Amino acid sequence: MHWSEEIAQRIIDKHPDKEEYVCAAGVSPSGSVHIGNFRDLATPLFVVKSLQKKGKKARLLISWDEFDRCRKIPANVQAVVGNSYDKYIGCPYVDIPDPWGCHENYAKHFEEEFLKGIEPFGIELDCRYQADMYRSGKYMKDVIEAIQKRDEIFEILDSFKTKDTTKSEEERRAEHDAEKAAYSPVSIFCPACHTDFTTITKFSEDGTEADYTCRCGHAGHFNFLTNFNCKLGWKVDWAMRWRYENVDFEPGGKDHSAPTGSYNNSKLIAKKVFGHDAPIYQGYEFIGIKGMTGKMSSSSGLNLTPETLLKLYQPEVLLWLYAKTDPVKAFDICFDDGILRQYFEFDKMLTDTREGKASDAIADIMYLCQIDGRTVETVPMSLLVQLGSIVNFNVPMLETVFEKIGTPYKAEQFADRLDRAKFWLEQCAPDQVNRLRATRNWEVYNALTEEEKKEIELLHAYIAKGGYTLDELNTELYAIPKAVYGTEMSDKELKGIQGAFFRTVYKLLIDKERGPRLYLFLYAIEADKYVGLLDFSYPQTEDEIKADAPVEEEACCPEAPEAEKDRTPDPVEPIKDQVVIDDFAKLDLRVCKILKAEGVRKSHSCLKLTLFDGIGERVIMSSIKEEYAPEQLIGRKIIVLANLKPNRICNVNSNGMLLAATNNACGCQVIFVDDCVPEGTAIH
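Fair warning: this is a prediction, and the values are worked out from it, not measured in the lab. (Residues numbered from 1 in each chain as written. Predicted model: local features only at pLDDT ≥ 70, side-chain atom pairs only at ≥ 80, totals over all residues. Heavy atoms only, no water.)

Outline the overall build of the protein, supporting the account with residue identities and numerical values.
Within the protein, the regular secondary structure consists of 26 helices and 22 strands. Expressed as a percentage of its 684 residues, the buried residues of the protein come to 46%. Across the protein, the fraction of contacts at a sequence separation of at least 24, relative to all contacts at a separation of at least 6, is 70%. Of the accessible surface of the protein, which amounts to about 34600 Å², a share of 50% is contributed by carbon and sulfur atoms. Charge-centre separation for the protein: the mean point of 85 positive side chains lies 4 Å from the mean point of 110 negative side chains. (Helix = DSSP H or I, 4+ residues; strand = E, 2+ residues; numbered from the N terminus. Buried < 20%, exposed > 50% of the residue type's maximum accessible area, 1.4 Å probe, protein only. Contact = heavy atoms within 4.5 Å. Areas by Shrake-Rupley, 256 points an atom, 1.4 Å probe, with all protein chains shown as cover. Lys, Arg positive; Asp, Glu negative; His and termini not counted. Charge placed at Lys NZ, Arg CZ, Asp CG, Glu CD.)

Please set out the pattern of salt bridges residue by residue, giving values where relevant.
One pass over the full model with this rule turns up 41 salt bridges. One salt bridge in this structure joins lysine 108 and glutamate 66, with 3.3 Å as the shortest N-O distance. Placement of lysine 108 in helix H4 (residues 106-117) and of glutamate 66 in the loop between strand E2 (58-64) and helix H3 (75-81) is noted, with a sequence separation of 42 residues between them. This pair shows no difference in class: lysine 108 is buried, exactly as glutamate 66 is. Taking the shortest distance from any N to any O, the salt bridge between lysine 180 and glutamate 155 comes out at 2.9 Å. On the criterion of sequence distance, the pair formed by lysine 180 in helix H8 (residues 169-182) and glutamate 155 in helix H7 (residues 150-159) is long-range, its members being 25 residues apart. (Salt bridge = Lys/Arg side-chain N within 4 Å of Asp/Glu carboxyl O.)

Help me get a handle on the environment of threonine 195, residues and values and all.
Locating threonine 195 in the fold gives a position in the loop between strand E4 (186-188) and strand E5 (198-203). In sequence terms threonine 195 and glutamate 355 are 160 residues apart; their C-alpha atoms lie 59 Å from each other. Dropping the residues within four chain positions of it, threonine 195 is found in contact with Ile89, Gly90, Cys91, Ile188, Phe189, Cys190 and Cys214. From its side chain, threonine 195 meets the backbone nitrogen of phenylalanine 197 in a polar contact 3.3 Å long. (Polar contact = N/O pair within 3.5 Å; in protein donor to acceptor, adjacent residues only side chain to side chain.)

How would you explain the pairing of strand E16 (residues 637-641) if you had to name every residue and give the values?
For E16, the tally of buried residues reaches five of five residues, placing the bulk of the element in the interior. Here E16 shows two buried faces, one formed by Lys637, Ile639 and Leu641 and the other by Ile638 and Val640. Looking at chain direction, strand E13 (residues 589-599) and E16 are connected through five bridges and run antiparallel. If you follow leucine 589 over to E16, its bridge partner there is leucine 641. Relative to strand E22 (residues 672-673), E16 runs antiparallel, the two sharing two bridges. (Pairing = 2+ DSSP bridges.)

Account for the nonpolar core, with residues named and values stated.
Phe38, Tyr313, Ile333 and Leu609 are the most contacted members of the largest nonpolar core, which totals 128 residues. With 56 residues, the next largest nonpolar core counts Phe67, Cys91, Ile144 and Val273 among its residues. (Core = buried A, V, L, I, M, F, W, Y, C linked by side-chain atoms within 4.5 Å.)

Before we move on, can you summarise empty space enclosed by the protein with the specific residues and values?
One pass over the full model with this rule turns up two cavities of 30 Å³ or more. Estimated volume of the largest cavity: approximately 80 Å³. Only strand E1 (21-27), E2 and helix H9 (234-245) provide two or more residues apiece to the lining of the largest cavity. Looking at the lining of the largest cavity, the element that brings in the most residues is H9, giving four residues. (1 Å grid on protein atoms, 1.4 Å probe; cavity = no way out; pocket = protein on both sides within 12 Å on 5 of 7 lines; lining within 4 Å. Points joined across faces, edges and corners; volume = space filled by probe spheres on them.)

Would you mind going over the state of the cysteines in detail, with residue names and values included?
Tallied over the full model, the rule gives zero disulfides. Its sulfur unpaired, cysteine 91 is 6.8 Å from the next cysteine sulfur, which belongs to cysteine 193. Of the cysteine sulfurs around cysteine 193, a residue in no disulfide, the closest is that of cysteine 214, at 3.5 Å. According to the relative accessible area criterion, cysteine 193 is partly exposed, its value standing at 22%. (Disulfide = S-S within 2.5 Å.)

Could you give an account of a nonpolar patch on the surface, with specific residues and numbers?
Where nonpolar side chains cluster on the molecular surface, the patch consists of Ile581, Phe584 and Leu587 and spans about 290 Å² of accessible area. Tracing the sequence through the fold places isoleucine 581 in helix H26 (residues 581-585). The exposure class of isoleucine 581 is exposed, given its relative accessible area of 64%. (Patch = residues over 30% accessible without salt bridge, like charges linked within 9 Å, V, L, I, M, F, W, Y side chains within 5 Å.)

I'd like a rundown of the sheet that holds strand E7 (residues 219-223), residues and numbers included.
Pairing within the open sheet is antiparallel, and its three strands lie in the order E5-E6-E7. Each end of this open sheet is capped by a strand with a single partner; those strands are E5 and E7. Pairs of neighbouring strands in the sheet enclose a mean axial angle of 30°, with direction left out of account. Direction of pairing for E5 relative to strand E6 (residues 209-214): antiparallel, over a ladder of five bridges. For phenylalanine 203, the partnering residue across the bridge sits in E6 and is alanine 210. (Axes fitted to C-alpha atoms, helices over the stretch in contact; angles between N-to-C directions.)

Tell me what's going on with helix H2 (residues 38-53), and back it up with residues and numbers.
Here H2 spans 22 Å end to end across 16 residues, near enough to the 22 Å set by a 1.5 Å rise per residue. H2 sits mainly inside the fold: 14 of its 16 residues count as buried. Glycine 55, located one to two residues past H2, shows a positive phi value of around 85°. (Expected span 1.5 Å × (residues − 1).)

Give a detailed account of the packing of helix H6 (residues 140-148) against H9, specifying residues and quantitative values.
Where H6 contacts H9, the axes come no closer than 11 Å and their chain directions differ by 130°. Between H6 and H9, the crossing angle belongs to the class labelled oblique. By crossing handedness, the relation of H6 to H9 is classed as right-handed. Facing H6, whose interface residues are Asp142, Glu145 and Ala146, H9 presents Val236, Met240, Arg243 and Tyr244. Of the residues contributing to the contact of H6 with H9, the split by class is four nonpolar, no polar and three charged. (Parallel < 35°, antiparallel > 145°, perpendicular 65-115°, else oblique. Left-handed = near helix turned anticlockwise from the far one by under 90°. Nonpolar A, V, L, I, M, F, W, Y, C, P; charged D, E, K, R; others polar.)

Report on the packing of helix H14 (residues 338-354) against helix H15 (residues 360-369), specifying residues and quantitative values.
At a closest axis distance of 9 Å, the pairing of H14 and H15 adopts a crossing angle of 105°. Judged by the inter-axis angle, H14 sits roughly perpendicular to H15. On the side of H14, the interface is formed by Phe346, Met349, Leu350 and Thr353, while H15 contributes Ile362, Ala363 and Met366. For the contact of H14 with H15, the class distribution of residues is six nonpolar, one polar and no charged.

Below, the structure is given as C-alpha cells:
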C-alpha cells in the first residue's frame with residue numbers, strides 16, 4: 001500500500017463518518033515559492049487523491065501566510081529595490097508594495113507567481129488568505145480565547161524549552177515568572193509604522209482590550225472585539241486554524257517535526273487550550289539539487305520555482321518524483337544527466353502500468369501522477385537530447401530521423417518533451433550539445449596511425465556508397481576494425497580497438513569522444529551532411545587552415561561593478577603569534593567535493609553541504625547562503641577543516657568547516673581547488 005493510502009486509511013479510521021476530509025498546507029509568500037516547498041503541497045495532494053480513490057470526499061486547503069511579518073528581504077528582491085525595503089521588516093507581507101509594481105502588494109506578486117506556475121498540474125485548491133481571515137474578524141473569538149488562556153499557552157511553550165542548567169532553581173523560577181507575566185500570544189500591528197515591533201503592557205481582565213507601545217514611539221489602546229489588525233504567534237495560530245478549518249491531515253518539514261518542534265508544541269495547544277485534536281501529521285525531508293546547472297544560476301534570474309522546473313520536467317514526472325519517495329526520505333532534482341535516468345525510469349513504470357505488468361506499488365505511484373486532460377507520450381528523452389541537437393531541434397527533420405531508425409514518432413508525440421530537452425541541453429548541459437563540424441579535423445586525423453587512417457578510409461567509402469540498412473551499418477561498424485587489424489586477437493583486444501575506432505569517428509565528426517549510439521547517429525543524419533568530414537583524400541584547404549587557426553584571446557580582467565569598486569577593504573590585521581609546525585599538523589585540512597547543496601528552512605544564512613572527503617560522505621553547515629546559490633557549488637572542490645569538533649547548527653550535525661576569505665571588499669569567497677586534485681588530498 002502506498003504511503004499516502006496508509007495515511008488516508010488512518011484518517012478514515014479516526015473519523016469514519018465525516019462527510020468531507022480536509023488536507024491542509026501552509027505557504028508563505030515571503031519570496032518565490034521554490035520547488036522544495038512543493039513537497040508541502042504534494043504530500044497532502046496525494047492523500048486527497050488516495051481518499052478520493054477510496055470513495056471519500058476530500059479537498060486540499062492551502063493557507064497563504066501573507067499576514068506573517070516580513071523577517072528578511074530576499075536577494076532577488078534586493079536586486080530590484082536595494083536596501084530601500086529594509087523599512088518593511090516587521091510589516092505583514094500584504095502591507096508591502098510589490099517591488100515590480102505589477103500586483104497590488106508584495107504577497108500577491110508571489111502568490112500569483114506560484115499559482116500560475118502550478119496550473120499545469122491541474123490541482124484543485126481551496127485557498128485561504130490569512131490577511132483577509134484576520135482582518136475580517138473571522139478569528140476574533142479565537143484570538144480572545146488565546147489571550148484569556150495565555151498562561152496555559154506559556155506553560156506549554158515553556159515546557160519544550162531547554163533549561164539553562166548554569167542557573168540555580170531560584171534564578172530559573174524568577175526568570176520563568178517574569179517571562180510568563182510579559183508573555184502575549186498575539187502581536188499588534190502598529191497603526192503608525194505598520195510593524196509588529198509592539199509590546200503589550202497590559203491586558204484587560206476579560207482579555208478583550210490591551211494597552212501597547214511600539215518602538216517607533218507610538219502608544220495606544222487596542223480593542224480585540226472591534227480592531228482585528230493583530231495576529232497570533234505561529235504555534236498558537238497553527239493550532240487555532242486546525243480547529244477553525246477542522247483539518248484532518250497536514251504535513252510539515254523536518255524542522256517542525258523534531259521532538260521540540262512546532263508540531264508537538266501546537267498539538268498540545270490544540271488539545272489543552274482549544275479542546276481540539278491535532279490532525280494526523282507527516283514530517284518530510286527537504287529536496288536536494290544535483291548536478292551543475294551551467295547557465296542556470298541565481299545571477300541569470302532563474303529561480304527554482306515550479307514554473308522553472310517545468311521547463312525541464314513534465315508535470316507528471318515531477319509528481320512522480322514526490323510520489324515514489326517516502327516523505328521522510330530525500331531525493332534530488334537533477335540538472336545533470338541524472339534527469340535522463342529519471343525520465344527513463346518514469347517511462348518504464350508508466351509503460352508497465354499501461355500494459356498491466358506493473359506491481360501494485362508501481363501502479364499506485366502512477367495513479368497519483370495522472371493529470372486530467374493530459375496523456376504522456378513516452379518518447380525517450382535521451383534520444384530527443386542526442387538527436388535533437390544534431391538537427392538543431394528542427395521538428396520535420398527530427399520526424400525523418402525517427403522514421404529512419406525505426407521509431408516513427410510524430411511531432412505531436414514528442415512536442416511536450418522537445419522544448420524541455422532543448423532547454424536542458426542549452427541551460428544545464430551545453431557541453432553535451434552535438435554539432436557536426438564545419439570542416440575536416442586534420443589535427444585528429446594527422447595523429448592517427450596508418451591502421452586508424454585505413455579504418456576511416458573504409459568507413460568513408462561505405463557511407464559514400466550508400467544503400468545500406470540500419471542493421472547493415474551497425475554490422476559494418478564492428479567489421480571495419482576486424483578488416484584492418486585481422487581477427488587473430490582476443491575479444492578484449494578487439495573490443496578495445498573497436499572502442500578506439502568509435503571514439504575517433506566521434507572526434508572527427510563532433511569534436512567529442514562520445515555521442516549518440518554511432519550506428520543510429522550515422523544512419524539518422526543525411527550522409528551528405530557529414531560524409532565529407534571523413535574524406536581525407538585531398539589536402540587541407542585554405543578555409544580549413546583559417547578555421548583551425550588558434551584564436552588569440554585578449555588578456556583582460558572583467559571590470560568590477562561600480563558598487564564593488566567603492567567597497568573599502570578591511571584593515572589588514574597584524575600577524576598572529578607564531579606557532580610551530582606541530583601545531584599546524586594537528587589540523588586535518590583536506591580537499592572535499594561538494595555532492596549536494598541545499599538551504600535549511602530554519603536558517604537565513606546557512607547552506608547544508610554534503611561532501612565526499614575521500615573516505616565517505618560528511619555534512620557541514622556553512623553561512624554562505626548570501627554569496628552562493630546551491631547550484632553554483634555542486635561539483636566544486638573545496639578545502640575543509642575535517643577534524644573540527646562537530647557542532648549542531650539548526651538541528652543539523654555539522655562535521656567540519658570550509659575555508660573561505662572574508663573581506664568587506666569582496667564579501668565571503670570560498671576557496672576552491674582545481675578539479676584535478678583528488679578528494680581526500682591533504683593540504684600541507
